[in-house]
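What follows is the residue order along each chain.
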Amino acid sequence: MNYQQQPPQQQQQQQQQLPPHSSDPEEELPRVLLALQTVYAPNVGGVGVGGNNTSGNGSSSSSPFDRRDVADRYLTSFQRTAVAWIVCDRLLSTSSSNTSASSNEDSTLSTQRQFFAAQTLHAKCLSDVHQLPADSLPSLRDSLVHHFISHATDSVRANIENRPANRPLVTRLAMAIAALAVQLSWHTCLNDISTNVLSPHPELGPAVLELFRSIPEEADSNRLVVSREEDLWSYRDMLRNSSNIVLGLCEHAVQSTKSSGFDDVATTEAVLSCLQSWIRIVDMDPYLLEKTVLVPWVFQLLGDSTNGGFELAVDVVVELLRTYPSHRKGNEGLIFSIIPKAMALGQDSSAVVGGAGVSVSPFQKSIQEEDEDGMRGYCRIFTEMGESYSTLILSHEEMNQGALVELVLRCSAIPDPDIAGITLHFWYRFVMGLEDLEPFEYRQIKIDSFSGQLTRLLSICTNLLRYPVGVEDLSADRLEDIEVNRSYFADTIDDCCRLLGGDAVLRNIGGALEEECHRVAALPQNRQPSDWHGIEAHLYAIQTIAMYVPSDEPQVIPFVMGLIPQLPTQVPLLRATACRAVGKFAPWLGRHPSYLQPLLPYLAQGLSIPKCAHSSAVAIREICENCQTMGDAALQLYDGIVAARDLQRGTPGSGEDFVIDLKNEIEVLEGVCKAISTKLLNDPSINSNVINGYINQLAQPIMTSMKVIASPEYSASPKQMSAELSRLTVLVQHLRLPKQSSFSRSDFILSLMKESWPMLDSVSKKHPRDFNCGEKLCRLHKHAMRECGAASYAPMLEPLSDQIVGNFSVSILSPYLYLASICVSEFGRNPAYSQLLFGMMANLSNSVFNSCRTVDDLTAHPDVVEEFFYLAGRMINYCPGPLVQSPLLNSLLQYAALGMKLDHRDANRGTLNFLEATVSYSLKLRTASALNAIEEASLAALEKAILAEGEPLVINLALALLGDLPAYRLDHGSGSIAGVLFHLNMLCPQLLFQWIQPPLVSAPEHAKSAFLGSLQSQVSRRDEFNSNVRKFTSVCERSRKLQNSERRQ
């Protein structure tokens, strides 16, 4: 059976044909102007090259750009042409400063044209310089510099003349020059710009700083395409060696600003932006930064959050701290020059001024004034300082490390959770660092030295867990954001437990909870129900640390469990947290069952309250799992749910409504099954009649509902069917029976499945193409098969196989393929079932081949492709004989060649998994010391199939390496391009070498030679082979970017 990609169907609506581009700038420029006018100012008259109006009525009726989308597509395609270089240069040459002769609309249009031109040139300087002769690049550079000077000068003049300055245009021109500098390997760019631009035009200082900021950023851009990687690294080395020039320019700008006597915010921000860029990207010598006056100047700006450039100054210091951490050698001088300056921002000065008084630090001032920008900025600095200098904080040498930890703690205490949350990653790393200290004695000394601050951190985080007042009125999205933040603070409390111990943390939070309860109790009666936020926060903190609390804790947990039933019942969020606490401490309740009696009604009532129903259901399940006496009580609770559900179904107009949400009912049912299982397993005196009674009590309601739903006259919805399938699956998964009983668990599952089989068959045919129903049905069969065991479930395999094939042929749903894979993994090792499984595989293959014949078909069913090839791979791994000796193997290999063209990660992985399994199995047989007759026949069949179908597969693998086909799985895990090639090279090296050479003809010669050489040398180590593949694809990717640029001409 042959498969090939069909031509795509023609679109019913063809896009309007674009006018052709001209290589003559004189012809192309008017078209571009007209297209720009259509995009940016469709109601403005046409403008000629010189700026004169050509029409007063907008685009003429004969204009090719009568629609904005057409003009936009034309401009996009124009940007890829070679003529765009000259046209954009001319657009930038058109003066826009003479606004007196044109309207505001014309001026805006002119500005947009020029920005479009600069944007286009920037993009082309990044990747399209290969469209130009090499000897023309210097003139392009000179032209860009000329435009930069012209428009930067106009921006300066605009500020004086009180008109808008076109700073975005100047910035984009700076980016274009910076990108071209990389392409030209313009190693003297910093000196040349200083000499030829800044010296004759000192008023352009901020613009030049903008250009200097762009230089390292463009060299680091992932959009940059260079012909030689070595040139790029050489250019980056030049930047590092020339850092002093940039620092000198920044210092000069700062000094000039100080000398002028007025606050030049524009220059300040330009210096800070430039400095941040160079610190972040260029690995500058820390000695230069240690000696420069810029660092003290930045910290001086940070002394007042109202200073111009404060936020940029914060960014600079954060980048400085992050780039030069304490664990890197050579940073010591810079670090110890920064520490006092940074600490001065947060520590109040004790110096007495005028005989008395304390100077308040900038950080403390921002807290007192509730200055959000200031608090956020200082918090970022102190937190980054703590993270970057963690080795100093944990050092054995006394350096007053506690002062920095104290500053971060004060940041954590800021009432705004968004700001306080900035510090949480520091606390995580701080705890991890303390835990990693050796030896243990020293570790404990350090933990003890910080225990006071960690204890205060507990109180701070608990307080930050509070819901805001009015939380009930917030939107669902905002409430979700709050819950995410609460989980982060809870994680920090968990971290503290690892150092301080669960007992100490529980006592701390428990004591605070008692105080909060006393405070609320002292309030007037009418205010108590609304003042629940503090109690809820402490309960949330307590349930967070449940895993650290022993099950015999005698003080706090008894108080909590006694408190919960007394809490206000009309506050759903409080009730949800209380229910979670009950569930988390289920092991404790298992040791103290006397506390359960008032809690069970509290949980049961919570099931009917939407905002706490899930917490109640989970808590019930956890109690059932941990409390051995819950069996009958849990079953009684579930009987109530079933009775309410039956009553609901009998109510006219009830439709598909459930008494409680299905996922919550499933949680309760799982808990009930576990509670009954515990009762049956722990009481040897229970006889078979009692066991059967419990089974019937759980299973009968489900079976009754199944019979109703499966009956021909009942119109069951997919939702109803999925619900009953889910309930039945829970019984199969979680109901355990005592081994000594006459009715074993396998007998129970088999009996249940046999009784329900006709109903399952009927249900699956009512909504055959409903994915959720199909998935639930397959999940039931999977768990029944695995829980029962292959030996016991064997009688059901043949009808199950028939059901899988029949349902899949109608539905083409991937869950049936997954279930078939499970059958193969459970029964495939037993030769007695090989033919049955192969028959199932063959029938499923026919359905796949008939329904998904083209790449478009496969694209519409990527999950089917994924599961189908995983099924084929499992057949190879578990029972390969019948498959590899049949013609189906050839068809599968042909189909894999088609599947490899599918641009879908998981489908690509499944296809490669099958191919690697097939080739590796062939290699396993080839290298085996002895083979039986079946294995010899399998090896011959495999080699024949690979010889017949291997070439298209290898071509696709090569195209994936080149980037012309998807390559999601290059060398990772089981099922990768490198894995298939590696095994093929070990199996049939000459054939592989012959097949792979033609598709690699377009690969870079040096990379291709190296890769083919590695194939010929037959590298025996997989990691070495993978490395060779990665190197080859890296070179091919860079070459492809260059080729794409050249094709745009």
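Described in the following lines is the structure provided in the data block. Just so we're clear, the structure is a prediction, and the values are computed from it rather than from any experiment. (Residues numbered from 1 in each chain as written. Predicted model: local features only at pLDDT ≥ 70, side-chain atom pairs only at ≥ 80, totals over all residues. Heavy atoms only, no water.)

## Side note on the overall build of the protein chain
Helix and strand counts for the protein chain come out as 50 helices and zero strands. Projected onto its principal axes, the C-alpha coordinates of the protein chain cover approximately 105 × 90 × 70 Å. Across the 1049 residues that make up the protein chain, the buried fraction comes to 52%. Sequence-distant contacts in the protein chain: of pairs separated by 6 or more residues, those separated by 24 or more amount to 75%. (Helix = DSSP H or I, 4+ residues; strand = E, 2+ residues; numbered from the N terminus. Buried < 20%, exposed > 50% of the residue type's maximum accessible area, 1.4 Å probe, protein only. Contact = heavy atoms within 4.5 Å.)

## Remarks on unusual backbone geometry
A cis amide bond, omega 0°, links Glu-438 with the succeeding residue Pro-439. Along the chain, Pro-439 turns up in the loop between α21 (424–435) and α22 (440–464). Backbone geometry places Ser-185, a non-glycine residue, at a positive phi of 50°. Looking at the secondary structure, you find Ser-185 in the loop between α6 (167–184) and α7 (189–198). The phi angle at Glu-370 is positive, at roughly 50°, despite the residue not being glycine. Turning to its location among the elements, Glu-370 is positioned in the loop between α16 (362–368) and α17 (372–388).

## Digging into empty space enclosed by the protein
Counted according to the given criterion, the structure contains five cavities of 30 Å³ or more. Considering only enclosed or pocket space, the largest cavity measures out at about 90 Å³ in volume. Residue lining of the largest cavity: Leu-893, Leu-915, Thr-918, Val-919, Ile-946, Gly-950, Leu-953, Val-954, Val-980, Leu-984 and Trp-995, and that is the complete set. Where the lining of the largest cavity is concerned, the elements lending two or more residues are α45 (905–927), α46 (933–962) and α47 (977–987). It is α46 that provides the largest number of residues to the lining of the largest cavity, a total of four residues. Classifying every residue of the lining of the largest cavity gives nine nonpolar, two polar and no charged. (1 Å grid on protein atoms, 1.4 Å probe; cavity = no way out; pocket = protein on both sides within 12 Å on 5 of 7 lines; lining within 4 Å. Points joined across faces, edges and corners; volume = space filled by probe spheres on them. Nonpolar A, V, L, I, M, F, W, Y, C, P; charged D, E, K, R; others polar.)

## Digging into the pattern of salt bridges
Here the structure, examined in full by the defined rule, presents 46 salt bridges. The salt bridge partner of Arg-498 is Glu-435, with a shortest N-O separation of 2.8 Å. Taken as a pair, Arg-498 in helix α23 (residues 476–500) and Glu-435 in helix α21 lie far apart in primary sequence, 63 residues in all. Since its relative accessible area comes to 30%, Arg-498 is described here as partly exposed. The partner of Glu-826 in a salt bridge is Arg-786, with the nearest N and O atoms 3.4 Å apart. Placement of Glu-826 in helix α39 (residues 814–827) and of Arg-786 in helix α36 (residues 771–788) is noted, with a sequence separation of 40 residues between them. Linked through salt bridges whose partners overlap, the residues forming this network are Arg-621, Glu-625, Glu-667, Glu-670 and Lys-674. (Salt bridge = Lys/Arg side-chain N within 4 Å of Asp/Glu carboxyl O.)

## Some details on the packing of helix α40 (residues 834–851) against helix α44 (residues 888–899)
Contact geometry of α40 with α44 gives a least axis separation of 11 Å together with a crossing angle of 40°. Classed by the angle they form, the pair α40 and α44 counts as oblique. For the element pair α40 and α44, the recorded crossing hand is left-handed. Facing α40, whose interface residues are Phe-838, Met-841, Ala-842, Ser-845, Val-848 and Phe-849, α44 presents Leu-888, Ser-891, Leu-892 and Tyr-895. Classifying every residue of the contact of α40 with α44 gives eight nonpolar, two polar and no charged. (Axes fitted to C-alpha atoms, helices over the stretch in contact; angles between N-to-C directions. Parallel < 35°, antiparallel > 145°, perpendicular 65-115°, else oblique. Left-handed = near helix turned anticlockwise from the far one by under 90°.)

## What about the side chain of Glu-949?
With respect to the secondary-structure elements, Glu-949 resides in helix α46. Here Glu-949 occupies a buried position and makes no salt bridge, while the nearest side chain of opposite charge, Lys-944, is found at 10 Å. Polar contacts involving the side chain of Glu-949 include one to the side chain of Asn-890, which spans 3.5 Å. Looking at Glu-949, its side chain comes within polar contact range of the side chain of Gln-894, at 3.1 Å. Setting aside its immediate chain neighbours within four residues, Glu-949 contacts Asn-890, Leu-893 and Gln-894. (Lys, Arg positive; Asp, Glu negative; His and termini not counted. Polar contact = N/O pair within 3.5 Å; in protein donor to acceptor, adjacent residues only side chain to side chain.)

## Things to note about α17
The end-to-end C-alpha distance of α17 is 24 Å, a good match for the 24 Å that 17 residues give at a rise of 1.5 Å each. Within α17, 13 of the 17 residues are buried, which leaves the element mostly enclosed by the surrounding structure. Among the residues of α17, the N-terminal cap falls to Asp-371, whose side-chain oxygen and the backbone nitrogen of Asp-373 are separated by 3.3 Å. (Expected span 1.5 Å × (residues − 1).)

## With respect to the packing of aromatic side chains
Following the criterion strictly, the structure yields 19 aromatic pairs and no others. On the basis of an interplanar angle of 25° and a centroid distance of 6.2 Å, the ring pair of Phe-78 and Phe-116 is categorised as stacked. Separated by 38 residues along the polypeptide, Phe-78 in helix α2 (residues 68–78) and Phe-116 in helix α4 (residues 104–127) bring together distant segments of the chain. Aromatic side chains Phe-426 and Trp-427 sit 4.9 Å apart centroid to centroid with 65° between the ring planes, which places their arrangement in the edge-to-face category. In terms of burial, Phe-426 and Trp-427 fall into one category: buried. Ring pairs connect the aromatic residues Phe-849, Phe-868, Phe-869, Tyr-895 and Phe-914, which therefore count as one cluster. The ring of Tyr-540 has Arg-486 lying over it, and the distance from NZ or CZ to the ring centre is 4.1 Å. The ring of Tyr-602 carries Arg-575 above its face, with NZ or CZ at 4.3 Å from the centroid. (Phe/Tyr/Trp six-rings, centres within 6.5 Å; stacked < 30°, edge-to-face > 60°. Lys NZ or Arg CZ within 6 Å of the ring centre and 35° of its normal.)

## Thoughts on a negative patch on the surface
Where like charges cluster on the molecular surface, the negative patch consists of Asp-418, Asp-477, Glu-480 and Asp-481. In terms of residue count, α23 provides more of the negative patch than any other element does, three residues in total. Take Asp-418: it is sitting in helix α20 (residues 417–420). (Patch = residues over 30% accessible without salt bridge, like charges linked within 9 Å, V, L, I, M, F, W, Y side chains within 5 Å. Areas by Shrake-Rupley, 256 points an atom, 1.4 Å probe, with all protein chains shown as cover. Charge placed at Lys NZ, Arg CZ, Asp CG, Glu CD.)

## Quick word on the environment of Ser-150
Of note, Ser-150 is situated in helix α5 (residues 137–160). Residues Ser-150 and Leu-92, spaced 58 residues apart in sequence, show a C-alpha to C-alpha distance of 9.6 Å.

## Digging into the layout of surface pockets
In this structure, the largest pocket encloses a volume near 770 Å³. Lining the largest pocket are 31 residues, with Glu-203, Gly-205, Pro-206, Ala-207 and Thr-267 sitting closest to its centre. Sorting the residues of the lining of the largest pocket by element identifies α5, α6, α8 (205–219), α10 (243–260) and α11 (265–281) as the ones contributing at least two each. Looking at the lining of the largest pocket element by element, the count peaks at six residues for α10. Residue composition of the lining of the largest pocket, grouped by class: 16 nonpolar, 10 polar and five charged. There is about 430 Å³ of room inside the second largest pocket. Lining the second largest pocket are 23 residues, and of these Tyr-878, Pro-880, Gly-881, Tyr-921 and Glu-935 sit closest to its centre. For the lining of the second largest pocket, the element with the highest residue contribution is α45, accounting for five residues. Residue composition of the lining of the second largest pocket, grouped by class: 11 nonpolar, nine polar and three charged.

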